[in-house]
Amino acid sequence: MKVLILSTFQSSGGAAIAATRLMHALQQNGVEVSMLCRKNISFGPAGLRKQSWTSIFERAFIWMCNGFSTRNLWATDIALLGQDITHTCEYREADVIHLHWVNQGFISLASIQKMLDDGKKVVWTMHDAWNSMGAYHLKIQQKEDYLERSTRKRKQRLYAGSRIQFVTCSQWLRNEALISPLMAGQKVVAIPNPLDTSIFKSEPHPNHRRVLFVAQFVNNPMKGMQYLDEAAKIINEKVTEFGYADSSRVEIIALGRDIPYISDTREMARLYASVDAFVLPSLSENLPNTIMEAMACGTPCVGFRVGGIPEMIDHLENGYLANYKDSEDLAKGILYVLDEANHQRLADNARQKIINCYGEEAVAKRYIEIYGNEQ
């Protein structure tokens, strides 16, 4: 059995990282697997080279349909244009085509229909809600517009009678997908993303009361940095008010703001292992790689009760689940992890949770079973 993984990007963003990690996990478990990503423009300014012509043309069309407004420009995908990968030897030899996040001009809906017509088994891992909606990745529209309506109709034609096996990374996203009329009658299972726990592992370090925050775009309002800053202010005001020593203050380290972004995986793992807590105050999440990575490094996590985060953080057992958009409860969670709980117990529980639920072998076996099932 040969598997071809398709992903717009190879290492940019959580979905791309998850796709690459799955390829490695499958290879480690004896599956012959290859991966194709979007071919970007090879000349011109750096910003241009990060895109493809198909993506640029789609953005221009979306921009015009939105009344020449850039609002939600990058939260919208119509999968009208795409790159033809069906002429490649990887495609011809593959028994299974495994789609991941393939938007921004990589794979069109028409191309997926051709894959089905060619008799390929198609598995599609959903990294957000786009598959179960129209043109949007998040529920951001107050009322339906042309792009949403027309894209949903094209998806309906594709899904009707299709043999696509949909996979969500979290049980939360599966539940969300199943209530969508667009997904009626579709096969949807939940399989988490894998993680190499031999790279992401715990290391002993002194307690410096350091709290880490990581996001691809640290200033993205959906990542909730403002709530973490408010929580830190609440904690440090208490330190001042009650006259605690300066060592009681909490230091917030935001990757991309306080220290430069890190591209080396092992260096990133060492950073996770060197802090005392990881906080992700996101307002919308599926199954964040960052929480998985931090927990594998024995770092207890704090996050809001949203999306797939409660599937990862077991409240008061390996971290703390704060009330949604509640900075005071977020501060309470940070203090619980740093001061109130047995930190080593939280750390041990966090790493064990990742080994049991998200280890490469466990996840690969579930996908291998999916690949081998009859359509």
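Keep in mind that this is a model prediction, so the values were computed, not measured.

(A) Representation of helix α1 (residues 14-28) within the structure. Its 15 residues give α1 an end-to-end C-alpha distance of 21 Å, which sits within 8% of 21 Å, the value for a rise of 1.5 Å per residue. The set of residues buried in α1 consists of Ala 15, Ala 16, Ala 18, Ala 19, Arg 21, Leu 22, Met 23, Ala 25 and Leu 26. Elements that come into contact with the buried residues of α1 comprise β1 (2-7), β2 (32-37), β3 (96-99), α10 (289-296) and α14 (360-372). At the exit of α1 stands Gly 30, carrying a positive phi of roughly 85 degrees.

(B) Structural context of α14. The end-to-end C-alpha separation of α14 is 18 Å, in line with the 18 Å expected for 13 residues at 1.5 Å each. Buried within α14 we find Glu 360, Val 363, Ala 364, Tyr 367, Ile 370 and Tyr 371. Angular distribution of buried residues about the axis of α14 spans 115 degrees; they occupy a single face of the element. Across α14 from its buried face, at more than 90 degrees, point the exposed residues Glu 369 and Gly 372.

(C) Local environment of the pairing of strand β7 (residues 210-213). One ladder, built from 4 bridges, connects β7 with strand β8 (residues 251-254); its direction is parallel. Within β8, the position partnered with Val 211 by the bridge is Ile 252. Across 2 bridges, β7 lies against strand β9 (residues 277-280) in parallel orientation. Residue pairing for β9: Val 211 is matched across the bridge by Ala 277.

(D) Focus on the sheet that holds β7. Pairing is parallel across the open sheet formed by 5 strands, whose spatial order is β8-β7-β9-β10-β11. Two strands bound the open sheet, and with one partner strand each, they are β8 and β11 (319-322). Adjacent strand axes in the sheet meet at a mean angle of 20 degrees, parallel and antiparallel pairs treated alike. In terms of strand pairing, β9 meets strand β10 (residues 301-304) through 3 bridges, oriented parallel. Bridging from a neighbouring strand, Leu 280 pairs with Gly 303 of β10.

(E) A look at the packing of aromatic side chains. Applying the stated criterion across every chain yields a total of 13 aromatic pairs. Ring geometry for Tyr 227 versus Phe 304: centroids 5.7 Å apart, planes at 85 degrees, classification edge-to-face. Remark: Phe 304 occurs in strand β10 and Tyr 227 occurs in helix α8 (residues 225-241); sequence separation between them is 77 residues. Phe 304 gets classed as buried once you look at its relative accessible area, which sits at 0%. Lying across the ring of Tyr 91, Lys 120 places its NZ or CZ 4.9 Å from the centre. Above the ring of Trp 130, the side-chain terminus of Lys 155 is found at 3.4 Å from the ring centroid.

(F) How the structure looks around unusual backbone geometry. You will see that Phe 68, though not glycine, has its phi angle at about 60 degrees, which is positive. Take Phe 68: it is sitting in the loop between α3 (53-65) and α4 (89-93). Despite not being glycine, Gln 104 has its phi angle at roughly 55 degrees, a positive value. Of the residues examined, Gln 104 reaches a relative accessible area of 11% and is grouped as buried.

(G) Quick peek at a nonpolar patch on the surface. On the surface, Phe 43, Trp 53, Phe 57, Leu 80 and Leu 81 cluster together into a nonpolar patch covering about 520 Å² of accessible area. Following the sequence through the fold, Phe 57 ends up in helix α3.

(H) Quick peek at the side chain of Thr 168. Note on placement: Thr 168 falls in strand β5 (residues 165-168). The exposure class assigned to Thr 168 is buried, which follows from its relative accessible area of 0%. Of note is the side chain of Thr 168, whose polar atom sits 3.5 Å from the backbone nitrogen of Arg 174. When neighbours within four sequence positions are excluded, Thr 168 is seen to be in contact with Met 126, Leu 173, Arg 174, Val 188, Val 189, Ala 190 and Ile 191.

Definitions and limits used
Residues numbered from 1 in each chain as written. Predicted model: local features only at pLDDT ≥ 70, side-chain atom pairs only at ≥ 80, totals over all residues. Heavy atoms only, no water. Helix = DSSP H or I, 4+ residues; strand = E, 2+ residues; numbered from the N terminus. Expected span 1.5 Å × (residues − 1). Buried < 20%, exposed > 50% of the residue type's maximum accessible area, 1.4 Å probe, protein only. Contact = heavy atoms within 4.5 Å. Arc of directions from axis to C-beta. Pairing = 2+ DSSP bridges. Axes fitted to C-alpha atoms, helices over the stretch in contact; angles between N-to-C directions. Phe/Tyr/Trp six-rings, centres within 6.5 Å; stacked < 30°, edge-to-face > 60°. Lys NZ or Arg CZ within 6 Å of the ring centre and 35° of its normal. Patch = residues over 30% accessible without salt bridge, like charges linked within 9 Å, V, L, I, M, F, W, Y side chains within 5 Å. Areas by Shrake-Rupley, 256 points an atom, 1.4 Å probe, with all protein chains shown as cover. Salt bridge = Lys/Arg side-chain N within 4 Å of Asp/Glu carboxyl O. Polar contact = N/O pair within 3.5 Å; in protein donor to acceptor, adjacent residues only side chain to side chain.

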